[in-house]
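Now for the letters of each chain:
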Amino acid sequence: MPHHALEIMLTRPLTTDELHHAARTWPLAANHDATRLMALMSAKTSDRAAHRLRRRLSTQLPIDVITTHYPDTHGNILLNLAFPPATRTALEAAARSAGQTPERFVELALHRDLAEHADQEAERLDRELRRLLAHTTPAHLLSAVGHALTRLPEGPTP
């Protein structure tokens, strides 16, 4: 059976004791602030692996989301979410009225929201570029962008 690399995102950082206790149940690797964990789980599919891992660790860890660490052959990442009962009921009703499964309903909503975010980001960048170009030439701006990109990245800025 294949092994699947899964990433566990937590709702809060773990204490050292919580991490050691959970790691006795299942081998885990934590990031520097113990808000994300990595685990390997064997299963026929990544969906089953994420489901098994959630069942095994949900009583010990404040799990928010479990994702596959590597994309599948279509470039997709699996998200394993556990909704509270009221949210699950509302989601099922909305999916039923749209003629979809709850999983497909969430998938389409997520794709739609990500596309909207990408469009908004492209518009924001376009506005910023136009503002910058009002005060310099395209050649100077291109040179400045090239210079900035060759430096070590410090992370995105708002």
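Since this is a predicted model, take the numbers as computed values, not measurements. (Residues numbered from 1 in each chain as written. Predicted model: local features only at pLDDT ≥ 70, side-chain atom pairs only at ≥ 80, totals over all residues. Heavy atoms only, no water.)

## Quick notes on unusual backbone geometry
Glycine aside, the phi torsion of most residues is negative, and most peptide linkages are trans. Despite not being glycine, A34 shows a phi value in the positive range, around 55°. Turning to its location among the elements, A34 is positioned in the loop between β2 (29-30) and β3 (36-42). (Helix = DSSP H or I, 4+ residues; strand = E, 2+ residues; numbered from the N terminus.)

## Examining helix α2 (residues 46-57)
Spacing of three or four residues puts side chains on the same side of an α-helix, whose turn is 3.6 residues. For α2, built from twelve residues, the straight-helix expectation of 16 Å at 1.5 Å per residue is met to within 8% by its first-to-last C-alpha distance of 16 Å. Of the residues making up α2, those classed as buried are A49, A50, L53, R54 and L57. When α2 is viewed along its axis, its buried side chains cluster within an angular range of 130° and face the same direction. Structurally, α2 contributes buried residues whose contacts are with β1 (3-10), α1 (16-25), β3, β4 (63-68) and β5 (79-81). (Expected span 1.5 Å × (residues − 1). Buried < 20%, exposed > 50% of the residue type's maximum accessible area, 1.4 Å probe, protein only. Arc of directions from axis to C-beta. Contact = heavy atoms within 4.5 Å.)

## Considering the pattern of salt bridges
Considering all chains together, one arrives at eight salt bridges under this definition. The partner of R36 in a salt bridge is E7, with the nearest N and O atoms 2.5 Å apart. Here R36, found in strand β3, pairs with E7, found in strand β1; they are 29 residues apart in sequence, far enough to count as distant. Across the pair E18 and R12 runs a salt bridge whose closest N-O atoms are separated by 2.6 Å. Note on R12: relative accessible area 35%, which makes it partly exposed. One connected set of salt bridges, linked through shared partners, spans R88, E92 and E103. (Salt bridge = Lys/Arg side-chain N within 4 Å of Asp/Glu carboxyl O.)

Note that every value here comes from positions in space, so none of it alone points to a role or purpose.
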